[in-house]
Amino acid sequence: MATLGARKVPGTGPLDANIVIVGEAPGETEVIQGEPFVGVAGKILSSMMNEVGLLRNDCYLTNVVKYKPAGNKINPLFRDNRMTVPTDKMKECVAELKVEIEAIKPNLVIALGRTAMWALTGRTQTMKHRGSLYVSTLVKDQKVLVTMHPAAVARSWVPWRQIIPADFIKAIEESKFPELYRPPREYVIKPDFDQAIYHLKALENADYLSFDIETRPHKIVCIAFAGSPDFAICIPFTRGFQNYWSLEQELEIWKAINKVLISPAKKVGQNVQYDELYLARFHGVLVQNVWIDTMIAHHELYPETPKGLDFLASLWTKEPYWKDEGKSHNGKIKDADLWTYNCKDAAVTLEIAHELYEEMMEEGRWEQYLATMKFRYPLMTMSLQGVNFDKKMQTTLIHSYQEKIDKLQRGLDSAVGEPVNISSNKQMVKLLYITLNLPVQTGKTNKPTADMNALLSLRRRYKKYKPILDVIITLRKLRKLTEGFLQVETDPLDSRIRCSYNVAGTETWRISSSGSIFGGGTNLQNQPKGADEDGVVRKLFIPDPGYLMGATDLSQAEARVVALLSDDELALHEFESGQIDVHTAFAARLFSMEYEDLLKLKESNPKEYKHKRNLGKMEIGRAHV
């Protein structure tokens, strides 16, 4: 039975407000002051509203539930775990909210968080629907904008502190009128051959052209083109599991598609490299004149935020969340639904591209974006080429390392007296802190942990248990090596190793890589060197006949960047001279020594020299920061 506090916290604000803001329920501070949104979350809310010019005094603020729930837990007000079937008490709260909104008649209601979104729209997944506009299922014809509850900012400042104010900017515009505007879009999803050829020829003359593919493994099942945000055509290649076209027709279709994709039109796509790789590998189509990759462009502007197309659409368009429309249900999706989804992706992407271009120009980021895009073609070429791989040596190594693992595991099980799963934190915690009675080590959550840091700390401090801890540590390293690096799958078509590179992979603009979009593969930027006694992993990658593999590295690159950014004239001079090891020089200053005296230790006491130089290397960045 749900328990609610005795004191009601009513809504507050002008009764003719254009905007009503609805949260979940009051907290302790709200109950004491008798007003919604005056606690920590309320202060964050006010700060974000003020930042974009959304005045709190102009809005009516309220909650779905007007009483503080016991323990601040809302779930007892529902009959099911998914929190979709309300109790009678919750029904009363929602009914009261309905009357409250109907009396005010706002142009817009902002739903803060899941409970408010559910009450107003019937939807339950805030992360998906945040930023979308809907017609309320609670109040007839009422426009609703969904965003996160400000409490989310208190839990995770990045990225919500940036995102919620962006939603409030949209709210200001939407509060000027009560109608819900949807972008008008027209889609052609079942073209006959003549229609397909007609539209493709017309698209050759487009100024801007968005394209998007849908795939099954090693096959493009349809491709959509949008010459404007309000019109798109999907060219299917399959109907169910049958071919959509005859062989002769499909050949002509692909010839026409090739002309479109090499035309002077400024091409647009979301994560263009994925589409380009499929088109190039399986159809020999090399896309020309790529103008904007919306994923990369958004990353240039807001690297801390998500970069999926649905998120971009929530910021840059009025298109409500649609990405579930392209997912199969029970393993199936209707062809017409997939083709429509494909068209919508292309049309929305083009709309976003124009918005991103304007923003980049205003923020002076266009040149930086162009510099980033220069990596696109070489990275695509690398992904297509892949690396030759010694599968015979792989099989031998996996067998050899598995024998080592099995031998060590048998020894560990025998020493402990029972089987031990070293990958199970629960079992390892029991072994270390109950069976062996070692002092409990805790992790970031202050719970007992058996991670590598804990094992190394225990081994260093308790020599008696060093042999058994050595076995556990070695086992973990060998398993990581075997499972993470040796057991990599090659491309199913030609047994080479490929990966997919992402120039928008990290917040710091460093390139990331992952498994191949074609199947198999791995992160080729993270192959260990010297991770075991032989450094065997990199030996699996072999040059093609007639070629050699080489490696280059800029000496002390990070330290050079730090010196430039911090305007450290002394360090810059030392780098430019080429006569001084900067890390040794900084270590000398750190230990109040002459550079030459510290350098002499390299011969007389190499261990001490290495220790001091390493400290200098670690501290140089901190000093500059």
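Residues numbered from 1 in each chain as written. Predicted model: local features only at pLDDT ≥ 70, side-chain atom pairs only at ≥ 80, totals over all residues. Heavy atoms only, no water.

## Digging into the overall build of the protein chain
When you go through the protein chain residue by residue, the secondary structure sums to 24 helices and 17 strands. Here the protein chain holds 625 residues, and the buried ones make up 47% of them. In the protein chain, 67% of the contacts between residues at least 6 apart in sequence involve partners at least 24 apart. The average position of the 80 basic charges and that of the 78 acidic charges among the side chains of the protein chain differ by 8 Å. (Helix = DSSP H or I, 4+ residues; strand = E, 2+ residues; numbered from the N terminus. Buried < 20%, exposed > 50% of the residue type's maximum accessible area, 1.4 Å probe, protein only. Contact = heavy atoms within 4.5 Å. Lys, Arg positive; Asp, Glu negative; His and termini not counted. Charge placed at Lys NZ, Arg CZ, Asp CG, Glu CD.)

## Focus: the sheet that holds strand β4 (residues 133-135)
Spatially, the five strands line up as an open sheet ordered β2-β1-β3-β5-β4, and their pairing is mixed. Here the strands that pair on one side only, and so sit at the sheet edges, are β2 (59-63) and β4. Across the sheet, the mean angle from the axis of one strand to that of its neighbour is 25°, orientation sign disregarded. In this sheet, strand β3 (residues 108-112) lies alongside strand β1 (residues 19-23) in parallel orientation, the contact comprising four bridges. When the bridges of β3 are listed, Ile21 appears paired with Ile110. Packing against the sheet, helix α4 (residues 113-121) makes contact with β1, β3, β4 and β5 (143-147), and its axis sits at approximately 135° to β3. On the sheet, helix α7 (residues 157-174) packs against β1, β3, β4 and β5 and is oriented at approximately 170° with respect to β5. (Pairing = 2+ DSSP bridges. Axes fitted to C-alpha atoms, helices over the stretch in contact; angles between N-to-C directions.)

## Notes on unusual backbone geometry
Cis geometry marks the peptide bond from Val158 to Pro159; its omega dihedral reads 10°. Phi at Met83 is positive, roughly 60°, even though this residue is not glycine. Take Met83: it is sitting in the loop between β2 and α3 (88-104). The residue Asp567 is not glycine, and still its phi comes out positive at about 60°. Within the secondary structure layout, Asp567 lies in the loop between α20 (557-566) and α21 (569-577).

## Some remarks on helix α23 (residues 595-604)
Every buried residue of α23 is listed here: Tyr595, Leu598 and Leu601. Taken around the axis of α23, the buried residues stretch over an arc of 115°, which confines them to a single face. Turned more than 90 degrees away from the buried face of α23, the exposed residues are Lys600, Glu603 and Ser604. (Arc of directions from axis to C-beta.)

## Comments concerning the environment of Asp345
With respect to the helices, strands and loops of the structure, Asp345 is situated in helix α13 (residues 335-363). Considered as a pair, Asp345 and Ile74 are 271 residues apart in the sequence and their alpha carbons are 36 Å apart. In this view, Asp345 contacts Asp212, Glu214, Leu309, Trp322 and Lys323; residues no more than four positions away in its chain are not counted. Within polar-contact distance, the side chain of Asp345 engages the side chain of Trp322 at 2.8 Å. (Polar contact = N/O pair within 3.5 Å; in protein donor to acceptor, adjacent residues only side chain to side chain.)

## Section: the packing of aromatic side chains
Counting across every chain of the model gives 16 aromatic pairs. Ring geometry for Tyr244 against Trp245: centres 4.7 Å apart, planes inclined by 70°, an arrangement best described as edge-to-face. There is no split in this pair, since Tyr244 and Trp245 are both buried. Relative to Phe518, the ring of Phe282 has its centre 5.6 Å away and its plane inclined at 85°; by these criteria the two rings are edge-to-face. On the criterion of sequence distance, the pair formed by Phe282 in helix α10 (residues 272-283) and Phe518 in the loop between β16 (512-515) and β17 (541-542) is long-range, its members being 236 residues apart. One aromatic cluster is present, formed by Tyr208, Trp291, Tyr357, Trp366 and Tyr369 through successive ring pairs. Above the ring of Tyr134, the side-chain terminus of Arg123 is found at 3.6 Å from the ring centroid. (Phe/Tyr/Trp six-rings, centres within 6.5 Å; stacked < 30°, edge-to-face > 60°. Lys NZ or Arg CZ within 6 Å of the ring centre and 35° of its normal.)

## Some thoughts on α10
With twelve residues, α10 should reach 16 Å at 1.5 Å per residue; the first-to-last C-alpha distance of 16 Å fits that figure. The complete set of buried residues in α10 reads Val272, Gln273, Asp275, Glu276, Leu277, Tyr278, Leu279 and Ala280. With its phi angle positive at about 65°, Gly284 sits one or two positions after the end of α10. (Expected span 1.5 Å × (residues − 1).)

## A few points about the packing of helix α11 (residues 294-301) against helix α14 (residues 366-373)
Closest axis-to-axis distance for the α11/α14 pair is 10 Å, and the angle between their directions is 130°. The pairing of α11 with α14 is recorded here as oblique in orientation. Read as a crossing pair, α11 and α14 show a hand that is right-handed. Contacts from Ile296, Ala297 and Glu300 of α11 reach α14 at Gln368, Tyr369, Thr372 and Met373. When the residues that make up the contact of α11 with α14 are grouped by side-chain class, the tally is four nonpolar, two polar and one charged. (Parallel < 35°, antiparallel > 145°, perpendicular 65-115°, else oblique. Left-handed = near helix turned anticlockwise from the far one by under 90°. Nonpolar A, V, L, I, M, F, W, Y, C, P; charged D, E, K, R; others polar.)

## Side note on the pairing of strand β7 (residues 208-216)
When β7 meets strand β12 (residues 266-269), the two strands line up parallel, connected through three bridges. The residue bridging Ser210 from the neighbouring strand is Val268, located in β12. Sheet analysis places β7 next to strand β8 (residues 219-228), joined by seven bridges and oriented antiparallel. Residue pairing for β8: Phe211 is matched across the bridge by Phe225. Between β7 and β8, which pair antiparallel in sequence order, lie two residues; one of them, His218, sits at a positive phi of approximately 65°.

## Focus on the pairing of β1
The buried fraction of β1 amounts to five of the five residues, a majority that puts the element mostly inside the structure. Burial along β1 is two-sided: the face carrying Ile19, Ile21 and Gly23 and the face carrying Val20 and Val22 are both buried. Both β1 and β2 contribute to a ladder of five bridges, which runs parallel. Of the residues in β2, the one forming a bridge with Val20 is Tyr60.

## Let's talk about the sheet that holds strand β9 (residues 231-236)
With mixed pairing, six strands are arranged side by side in an open sheet as β6-β9-β8-β7-β12-β13. What marks the edges here is a single partner per strand, and that holds for β6 (186-188) and β13 (290-293). Strand after strand, the sheet turns through a mean of 25° between neighbouring axes, direction not considered. As paired elements, β6 and β9 share three bridges and run parallel to each other. The residue bridging Val188 from the neighbouring strand is Ile233, located in β9. Across the sheet, α10 lies against β7, β8, β12 and β13, angled at about 70° from β7, the strand it touches most. Here α13 sits on the sheet in contact with β6, β7, β8, β9, β12 and β13, set at roughly 45° to β8.

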